[in-house]
Amino acid sequence: MSYDLVIKNGMVIDGSGMARYRADVGVKDGKIAFVGRIAAPATETIDAEGHVVAPGFVDGHTHMDAQVFWDPLGTCSCYHGITSVVMGNCGFTLAPCRETEADMVFRNLVRAEDLSRDAMKAGIKWRWETFPQFLDVLDTLPKGINYAGYIGHSAIRTYVMGERAFTDKATEADLKAMAQHVREGIRAGAVGFSTTRSPSHETSDDKPVASRQASWQELETLVGAMSDVGSGILEIAMGVEGIDYYAKLKKLAVDSGRPITFGVFWRRATPDAWRVALDTMEQAAHEGGRMFAQVHTRPLNVLLSFEAHTPFDKWEVWRDVRKLPLAQQKAALQDPETRAKLVAVATGPYENRRAIGAEARPPEWDRVYLLDKMSGPHRSMAELAREKNCHPVELMIDLAIERDMKLFMMQPIANENQGVALELIKHPRSVVTFSDSGAHVSQIMDSSLQTHLLSHWVREKGALTLEQAVKYLSYDTATHWGFHDRGLVREGMAADLVVFDPKTVGPRMPEVVCDLPAGAKRLKQTAEGIRATVVNGQVLLRDNQHTGALPGRLLRGRVPG
């Protein structure tokens, strides 16, 4: 037998949690054909000496619904070992939607997910109306990685209710129509239904996105539509919920028979809420329901940069400077008179609208950190400013000038307690995911949470074994979202594989690029130590360089019968 691809001499960590072993991996017709010692010829060979051969990683929380139309590779996820993603989270999808009403969908996305309307208008060719038609269009697009998706509540609501979706309670006729769209979406291959209650999700005019107007009865009705079909996950972006709401979700999981998932983080304002969430999941399991948490591997950081956003962009004086080209901004910072005005304003009271989601906040300088290298510890701007006997704003300006405006700072908004973060990672009812890739494109860069897990928690801290970490990133995520032919290095499984060096794997420093449609900017981050990423048996990336192959597929959810 000859193979299409053989990965030789690697250390296989197969995703199950089983101990590593040395073996070759042979691939034929997009499947793993043999694991063992291989002497047969192959069309293509990868020498994995000194490297781990693992299943491709799966990210269950992305927002690539728009990006997939202009970025066939699936960046930046693909650079970090990701071979499959789930998009359409938090109720934000592009279907169902009539092309003439696209702006209603965009209204839900522009501020809540930091997606440029101009980029979406320029980059998306509208060829659908219903969600099944949307999936059929996705099937035809060139793709580097695999995509699955939810059908989103905000899109359904605006499609059925029009402008009323942003203000009104649904009528019985509205509920009936929305439920039918959920059933059609699940039957066509949506992996579930998504929605949001998060106060971070607002439109550009400071109004709640459409799905936040829904009543509990509406949510029950639409989850019940999934029960009618017998398939689908409820994904919900949570707000600041009390015990009563968790109890209602638990009952919904038990009564509907549908799995329920949401993000769980440590937050300073509600330091014990994560325990309530996990306790609720345990109770649900005892009562016959299924709930699971999506957790992160590091603090959720807003990245501050003169190339993207600073906390002062809308403040007096600053807003005029920030409209200038970057070189002219640098010149303004070097002008003593302008600099003095900027410092005076930045050290004064904050008068602009509140920040939501991943938007930059007025800085607490003891909690804003200089990002000058990926591995920590990172020092706060307040500490560094004290050493130089200056105000942190002055230090920020000085560092930006010294670095030709290429300065990054981190502003944590959740998960600062890393002891809790590790506890969440290890919890049996959690999955390691939640990159938000495709959203917050100029605000955060969490597509690297997987390589951070390998570099920080495995190599630097020794808090996890490689076997544990690979299982968290592959088998666990693939299984929770129903990708049962992926997530393991086993014969007969889809050949989604990542070959990496455990001694060097990790995220590189981020950069700001303007490569979105209409020239919109975003953050970009690649990785060290990944020799190859294989999708459906074809090498997509070698050393993070695209090979030209586009082997990705649409992964449709399964419906019983």
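Calculation notes
Residues numbered from 1 in each chain as written. Predicted model: local features only at pLDDT ≥ 70, side-chain atom pairs only at ≥ 80, totals over all residues. Heavy atoms only, no water. Pairing = 2+ DSSP bridges. Helix = DSSP H or I, 4+ residues; strand = E, 2+ residues; numbered from the N terminus. Axes fitted to C-alpha atoms, helices over the stretch in contact; angles between N-to-C directions. 1 Å grid on protein atoms, 1.4 Å probe; cavity = no way out; pocket = protein on both sides within 12 Å on 5 of 7 lines; lining within 4 Å. Points joined across faces, edges and corners; volume = space filled by probe spheres on them. Nonpolar A, V, L, I, M, F, W, Y, C, P; charged D, E, K, R; others polar. Parallel < 35°, antiparallel > 145°, perpendicular 65-115°, else oblique. Contact = heavy atoms within 4.5 Å. Buried < 20%, exposed > 50% of the residue type's maximum accessible area, 1.4 Å probe, protein only. Expected span 1.5 Å × (residues − 1).

(A) Local environment of the sheet that holds strand E8 (residues 146-149). Taken in spatial order, the 3 strands line up as E6-E7-E8 in an open sheet, and their pairing is parallel. Two strands in the sheet have a free side with no partner beyond their single neighbour: strand E6 (57-59) and E8. Direction aside, neighbouring strands of the sheet carry axes that sit 15° apart on average. As paired elements, strand E7 (residues 82-87) and E8 share 4 bridges and run parallel to each other. For valine 85, the partnering residue across the bridge sits in E8 and is tyrosine 147.

(B) Region of the structure containing empty space enclosed by the protein. Summed over all chains, the structure comprises 4 cavities of 30 Å³ or more. In this structure, the largest cavity is lined by 16 residues; those nearest its centre are Gly438, Ala439, Val441, Met445 and Ser447. Of the residues contributing to the lining of the largest cavity, the split by class is 6 nonpolar, 7 polar and 3 charged. Within this model, the second largest cavity holds a volume of roughly 60 Å³. Lining the second largest cavity we find His63, Asp65, Ala66, Phe92, Thr93, Leu94, Leu109, Glu113 and Leu115. In terms of residue class, the lining of the second largest cavity is built from 5 nonpolar, 2 polar and 2 charged.

(C) Seen up close, the packing of helix H10 (residues 326-334) against helix H11 (residues 336-346). Two elements in contact, H10 and H11, have axes whose closest approach is 5 Å; the angle formed by their N-to-C orientations is 90°. One element, H10, and the other, H11, form an angle in the roughly perpendicular class. Here Ala332, Leu333 and Gln334 of H10 come into contact with H11, specifically with Pro336, Thr338, Arg339 and Leu342. For the contact of H10 with H11, the per-class residue count stands at 4 nonpolar, 2 polar and 1 charged.

(D) Highlighting the packing of H11 against helix H13 (residues 392-402). Remark: H11 packs on H13, axes separated minimally by 9 Å, with the N-to-C direction vectors making an angle of 135°. Accordingly, the angle class assigned to the pair H11 and H13 is oblique. Across the interface between the two elements, Arg339, Val343 and Ala346 from H11 touch Val393, Glu394, Ile397, Asp398 and Ile401 from H13. Looking at the contact of H11 with H13 residue by residue, the classes come out as 5 nonpolar, no polar and 3 charged.

(E) Region of interest: unusual backbone geometry. For the bond from alanine 95 to proline 96, the omega torsion is 0°, close enough to zero to count as cis. Here proline 96 is to be found in the loop between E7 and helix H1 (102-109). In this structure, proline 377 follows glycine 376 across a cis peptide bond, with omega equal to 0°. Backbone geometry at aspartate 114 places phi at a positive 55°, although glycine is not the residue there. With relative accessibility at 14%, the residue aspartate 114 sits in the buried group.

(F) Spotlight on the environment of aspartate 372. Summarising the element assignment, aspartate 372 is placed in the loop between strand E15 (369-370) and helix H12 (381-388). Among the residues examined, aspartate 372 registers a relative accessible area of 42% and is labelled partly exposed. In this structure aspartate 372 touches His378, Arg403 and Met509, once residues within four positions along its chain are discounted.

(G) Region of the structure containing the layout of surface pockets. In this structure, the largest pocket occupies an estimated 1200 Å³ of space. What lines the largest pocket is a set of 48 residues, and nearest its centre among them are Ser200, Arg267, Arg361, Ile413 and Ala414. Breaking the lining of the largest pocket down by element, the ones donating at least two residues are strand E12 (260-263), helix H8 (273-286) and strand E16 (409-414). Of the residues in the lining of the largest pocket, the class split is 25 nonpolar, 12 polar and 11 charged. In this structure, the second largest pocket occupies an estimated 860 Å³ of space. Contributing to the lining of the second largest pocket are 34 residues, with Asp114, His309, Asp313, Lys314 and Gln443 lying nearest its centre. Within the residue set of the lining of the second largest pocket, elements represented by two or more residues are strand E14 (300-304) and helix H9 (318-322). A class-by-class count of the residues in the lining of the second largest pocket yields 15 nonpolar, 8 polar and 11 charged.

(H) Quick look at helix H5 (residues 172-188). Its 17 residues give H5 an end-to-end C-alpha distance of 24 Å, which sits within 8% of 24 Å, the value for a rise of 1.5 Å per residue. Among all positions in H5, only Asp174, Leu175, Met178, Ala179, His181, Val182, Arg183, Gly185, Ile186 and Ala188 are buried. Here the buried face of H5 lies against helix H3 (131-140), strand E9 (151-152), helix H4 (153-161), strand E10 (192-196) and helix H6 (216-229). Directly after H5, the chain includes glycine 189, whose backbone phi takes a positive value near 130°.

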